[in-house]
Amino acid sequence: MLKIIFICLCVVYGFLYFIFAVGTNKPFKTIIFYAFIGLAGLTLVNLTSKLSNVFIPINAYTLSISALLGLPGTISLLLLQMIFI
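Residues numbered from 1 in each chain as written. Predicted model: local features only at pLDDT ≥ 70, side-chain atom pairs only at ≥ 80, totals over all residues. Heavy atoms only, no water.

Some thoughts on the overall build of the chain
- Helix and strand content of the chain: 5 helices and 0 strands.
- Order of helices (α) and strands (β) in the chain, N terminus to C terminus: α-α-α-α-α.
- Seen through its principal axes, the chain has C-alpha atoms that stretch 40 × 30 × 15 Å.
- Going through the 85 residues of the chain one by one, you find that 26% of them count as buried.
- Summarising the internal contacts of the chain: among those between residues at least 6 apart in sequence, 53% fall at separations of at least 24.
- Of the roughly 6,300 Å² of accessible surface on the chain, a fraction of 79% belongs to carbon and sulfur atoms. (Helix = DSSP H or I, 4+ residues; strand = E, 2+ residues; numbered from the N terminus. Buried < 20%, exposed > 50% of the residue type's maximum accessible area, 1.4 Å probe, protein only. Contact = heavy atoms within 4.5 Å. Areas by Shrake-Rupley, 256 points an atom, 1.4 Å probe, with all protein chains shown as cover.)

Structure (structure tokens):
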């Protein structure tokens, strides 16, 4: 049930994110920039995993969430990982 709620929230956030990106002067550049920031955040979490004991496995789902949702997506993955450990 929690997974379905999380997916629904991700879809709503992605829709709002798309509307925000289209509203800027350079939507493609905005989407690429925020995807890069999300993937950099995922990399940073995994690089500091020895210090924090929190590791987010790299697979298609985590990469998709981090790229599509940006830094809030990476933070959501981090919180879910910390809650269910």
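Some details on unusual backbone geometry
- For Asn53, which is not glycine, the phi dihedral falls at a positive 60 degrees.
- Mapped onto the elements of the fold, Asn53 is located in the loop between α3 (49-52) and α4 (60-69).

What about the packing of helix α1 (residues 2-23) against α4?
- Two numbers describe how α1 lies on α4: the axes approach to 10 Å, and their chain directions differ by 35 degrees. Together, Phe6, Cys10, Tyr13, Gly14 and Tyr17 of α1 and Ile65, Leu68 and Leu69 of α4 make up the contact between the two elements.
- Residue composition of the contact of α1 with α4, grouped by class: 7 nonpolar, 1 polar and no charged. (Axes fitted to C-alpha atoms, helices over the stretch in contact; angles between N-to-C directions. Nonpolar A, V, L, I, M, F, W, Y, C, P; charged D, E, K, R; others polar.)

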